[in-house]
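What follows is each chain in one-letter form.
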Amino acid sequence: MDIKVSNLTHIFSQGMPFETIALNGITCDIKEGEFAAIIGRTGSGKTTLVQHIAGLLKPTSGSVDADRKKIGIVFQYPEYQLFEETVLKDVCFGPKNLGFNEEEAEALAKDALRLVGIDPELMGALSPFNLSGGEKRRVAIAGVLAMKPEVLILDEPTAGLDPKGHDGILEMINDIKKKKNLTIILVSHNMDDVEKYAEHVLVMHDGKLVMDDSPKEVFKQGEKLIGIGLGLPWGETIANSLRERGKQISKEVLSYEDLLGALK
């Protein structure tokens, strides 16, 4: 399923003294099976855009062409939404709401838990509140996956996790994308994650879409990104510093691995 956003505008408190234009004429396409990343400073419109894609907000004008029944969204700190007495019951909640019976919902929940690296036989009967932070987040993501989405939206899915948990969640998401051919839409502030995983990058600034391209082409515009308050991948930052000191480093260097290859 492709997602087509056409001239999308959203105004909060329209006509009131504190009227805010959160989205201003956004037009973009996200292709089926793509790993897309949406980046931008806080307040740039990233979360408002994905809420429209998921059908959680009504546009002031413009449209989003997508089947919302096939879209799952994982909000920031999704573990705060865990509420059932066991892990398995929590993950079953979504499928049951979709009309699946107990047996069907359990089968879907167990499959989803395995996808996120949680053994349902060992951990299904545990209270989700007794798990580690990373495990809670995996269970919360499983709760969305159990509803069999074709598109998975993740709003800062690694927020608050330690480096090991951070890397583990993103590797898991990338692995699930490949196994299930999901479309992934990642909202992130981490440029290294975007450079490593994304195939398509949308850059938001003050409610407008200011870049829409591959990671390589977006990160080549480093001065523009810095000008709107964003950073660069670590490898490119170090490469720029070396260039300023006279080192001949290719402009194609973006990642840590690129940098190591160039230095060798």
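Provided above is the structure to which this section pertains.
Read on for an overview of the structure.

1. Details of the overall build of the chain
Okay, so step 1: Helix and strand content of the chain: eleven helices and nine strands.
Okay, so step 2: Computed over C-alpha atoms, the radius of gyration of the chain comes to 20 Å, within 12% of the 18 Å expected from 2.2 N^0.38 for 264 residues, which places it in the range of a compact globule.
Okay, so step 3: Based on the C-alpha atoms only, the size of the chain along its principal axes is roughly 65 × 55 × 30 Å.
Okay, so step 4: Per-residue burial for the chain yields a buried fraction of 48% across its 264 residues.
Okay, so step 5: Considering only contacts in the chain between residues 6 or more positions apart, those separated by 24 or more positions represent 63%.
Okay, so step 6: Summed over all atoms, the accessible surface of the chain reaches about 13300 Å², with 49% contributed by carbon and sulfur.
Okay, so step 7: Computing the positive centroid from 31 side-chain charges and the negative centroid from 40, the chain places the two 3 Å apart.

2. Re the pairing of strand S6 (residues 151-155)
Okay, so step 1: Counting buried residues along S6, five of its five residues qualify, which places the element largely inside the surrounding structure.
Okay, so step 2: As paired strands, S6 and strand S7 (residues 183-187) are joined by five bridges and run parallel to one another. Among the inter-strand pairings, Leu-154 is bridged to a residue of S7, identified as Leu-186.
Okay, so step 3: One crossover worth recording links S6 to the parallel S7 by way of helix H6 (residues 163-180), and it is right-handed.

3. A short note on the pairing of S7
Okay, so step 1: In terms of residue burial, S7 counts as a mostly covered element, since five of its five residues are buried.
Okay, so step 2: Bridge count between strand S3 (residues 35-39) and S7: four bridges; the pairing is parallel. By the bridge assignment, Phe-35 is partnered in S7 with Ile-184.

4. Points about the pattern of salt bridges
Okay, so step 1: The final tally for this structure, using the stated rule, is twelve salt bridges.
Okay, so step 2: Notably, a salt bridge pairs Glu-150 with Lys-70, separated by 3.6 Å at the nearest N-O pair. Of the two residues, Glu-150 sits in the loop between helix H5 (133-145) and S6 while Lys-70 sits in the loop between strand S4 (61-65) and strand S5 (71-74), which places them 80 residues apart along the sequence.
Okay, so step 3: Here Glu-85 ties to Lys-89 by a salt bridge, and the two come within 2.4 Å at their closest N and O atoms.
Okay, so step 4: According to the relative accessible area criterion, Lys-89 is partly exposed, its value standing at 40%.
Okay, so step 5: Among the charged side chains, a salt-bridge network with shared partners connects Lys-110, Asp-111, Arg-114 and Glu-121.

5. Quick notes on the layout of surface pockets
Okay, so step 1: If you add up the space inside the largest pocket, you get close to 590 Å³.
Okay, so step 2: Along the walls of the largest pocket sit 27 residues, with Ile-73, Gln-81, Gly-143, Val-144 and Met-147 positioned nearest its centre.
Okay, so step 3: Of all elements in the fold, only S5, helix H2 (87-97) and H5 reach the threshold of two or more residues within the lining of the largest pocket.
Okay, so step 4: Top contributing element to the lining of the largest pocket by residue count: H2, with five residues.
Okay, so step 5: A breakdown of the residues in the lining of the largest pocket according to their chemical character gives 17 nonpolar, five polar and five charged.
Okay, so step 6: In this model, the second largest pocket occupies a volume close to 240 Å³.
Okay, so step 7: Lining the second largest pocket are His-166, Asp-167, Leu-170, Glu-171, Asp-192, Asp-193, Glu-195, Lys-196, Tyr-197, Ser-255, Tyr-256 and Glu-257.
Okay, so step 8: When contributions to the lining of the second largest pocket are tallied by element, the ones reaching two or more residues are H6, helix H7 (191-197) and helix H11 (256-263).
Okay, so step 9: For the lining of the second largest pocket, the per-class residue count stands at three nonpolar, two polar and seven charged.

Parameters at a glance
- Residues numbered from 1 in each chain as written.
- Predicted model: local features only at pLDDT ≥ 70, side-chain atom pairs only at ≥ 80, totals over all residues.
- Heavy atoms only, no water.
- Helix = DSSP H or I, 4+ residues; strand = E, 2+ residues; numbered from the N terminus.
- Rg over C-alpha atoms; globule rule 2.2 N^0.38 Å.
- Buried < 20%, exposed > 50% of the residue type's maximum accessible area, 1.4 Å probe, protein only.
- Contact = heavy atoms within 4.5 Å.
- Areas by Shrake-Rupley, 256 points an atom, 1.4 Å probe, with all protein chains shown as cover.
- Lys, Arg positive; Asp, Glu negative; His and termini not counted.
- Charge placed at Lys NZ, Arg CZ, Asp CG, Glu CD.
- Pairing = 2+ DSSP bridges.
- Right-handed = clockwise from strand over helix to strand, strands pointing away.
- Salt bridge = Lys/Arg side-chain N within 4 Å of Asp/Glu carboxyl O.
- 1 Å grid on protein atoms, 1.4 Å probe; cavity = no way out; pocket = protein on both sides within 12 Å on 5 of 7 lines; lining within 4 Å.
- Points joined across faces, edges and corners; volume = space filled by probe spheres on them.
- Nonpolar A, V, L, I, M, F, W, Y, C, P; charged D, E, K, R; others polar.

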